[in-house]
Amino acid sequence: MLKFTPILLAILYGLAMYHFSAWRTRKELDARSTELADPALKRLTDRMAAALDLAKIRVHIYEIDPVNGLAAPDGRIFITRGFYRKYRNGEVSAEELASVIAHELGHVALGHSRRRMIDFSGQNALRTALGMVLSRFLPGIGVMIAGALTSLLAARLSRSDEYEADAYAAALLTKAGIGVAPQISLFHKLDALTAQRSGAAPAWLMSHPKTAERVAALEKLEGRWT
């Protein structure tokens, strides 16, 4: 029984981390967000809602500066104040920002946002269990190896989710009559957005596929549909 103790402890740790992370995320978003009220964006989200047979798509502004879009585990869609500011300054069009909203809707519809929270907890549990086991055989570097292996797993899962959400957004934007072009044009602007932040990658690109590969995938879809 004792030899299974590290695994059992890791599972309990993962469950505790999941509930704590979900609670902390919800509390943070509730405290620092308000519902978006922008007429131009509402016209576009209404078109997407009609394509999905929904009465309305609610989008919230998350009051932080980094350029980002995110889907909460409870299904809410958020655009950061920094991203919205880019739109208000004319650096990002309404259609381009709508493509981000469509992408985040994809994460919700495909179950990515809730699964990511579970994956995050599971990865922490796996890292803890692997670290305990490997440290018995490789003292000093077992924890490092466990961290590297779980990071590789997380990156692979994240890249797969991004391609799926891109394809969902492309289909939704096409059905809504907005098209894939704004999605592609926004990707071409990402280098400029990065440069404006002193070379730091935008938060929504962390562990994401390469921009050129995502654009190529979208162009392939667009060519197939048209």
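Below you will find a few notes about this structure.

The rules we used
Residues numbered from 1 in each chain as written. Predicted model: local features only at pLDDT ≥ 70, side-chain atom pairs only at ≥ 80, totals over all residues. Heavy atoms only, no water. Pairing = 2+ DSSP bridges. Helix = DSSP H or I, 4+ residues; strand = E, 2+ residues; numbered from the N terminus. Axes fitted to C-alpha atoms, helices over the stretch in contact; angles between N-to-C directions. Parallel < 35°, antiparallel > 145°, perpendicular 65-115°, else oblique. Left-handed = near helix turned anticlockwise from the far one by under 90°. Contact = heavy atoms within 4.5 Å. Nonpolar A, V, L, I, M, F, W, Y, C, P; charged D, E, K, R; others polar. Phe/Tyr/Trp six-rings, centres within 6.5 Å; stacked < 30°, edge-to-face > 60°. Buried < 20%, exposed > 50% of the residue type's maximum accessible area, 1.4 Å probe, protein only.

1. As for the sheet that holds strand 4 (residues 77–80)
Inference 1: The strand order across the open sheet formed by four strands is 1-2-4-3, and the pairing between neighbours is mixed. Sheet topology places strand 1 (33–35) and strand 3 (69–71) at the edges, where each strand pairs with a single neighbour. Going from strand to strand, the sheet's axes swing by 30 degrees on average, the running direction of each strand aside.
Inference 2: Here three bridges tie strand 3 to strand 4, and the two strands are oriented antiparallel to one another. Counted as the bridge partner of Leu70 is Phe78 from strand 4.

2. Structural notes on the packing of helix 2 (residues 39–51) against helix 4 (residues 94–109)
Inference 1: One way to put it is that helix 2 packs onto helix 4 with a least axis distance of 10 Å and a crossing angle of 45 degrees. In terms of orientation, helix 2 and helix 4 fall into the oblique class. Where helix 2 crosses over helix 4, the two elements pack in a sense that is right-handed. Note on element contacts: helix 4 touches helix 2 through Ala94, Glu95, Leu97, Ala98, Ile101 and Ala102, opposite Leu41, Leu44, Thr45 and Met48.
Inference 2: A breakdown of the residues in the contact of helix 2 with helix 4 according to their chemical character gives eight nonpolar, one polar and one charged.

3. Focus on the packing of aromatic side chains
Inference 1: The full count for this structure, using the stated rule, is two aromatic pairs.
Inference 2: Between Tyr84 and Tyr87, the aromatic rings sit 5.5 Å apart at their centres with planes inclined by 45 degrees, giving tilted as the arrangement. Here Tyr84 and its partner Tyr87 are both found in helix 3 (residues 81–88), three residues apart, which amounts to about one turn of the helix. Pair check on accessibility: Tyr84 and Tyr87 agree, each one buried.

4. Points about helix 3
Inference 1: Those residues of helix 3 lying buried are Gly82, Phe83, Tyr84, Lys86 and Tyr87.
Inference 2: Positioned one or two residues after helix 3, Gly90 has a phi angle of 85 degrees, which is positive.

5. With respect to the pairing of strand 2 (residues 59–62)
Inference 1: In strand 2, alternate side chains face the same way, and those of Val59 and Ile61 on one face and His60 and Tyr62 on the other are all buried.
Inference 2: Note: strand 1 against strand 2, three bridges, orientation antiparallel. Residue pairing across strands places Thr34 opposite Ile61, the latter belonging to strand 2.
Inference 3: Where strand 2 lies against strand 4, four bridges are found, and the strand directions are parallel. Looking at strand 4, one finds that Val59 is bridged to Ile77.

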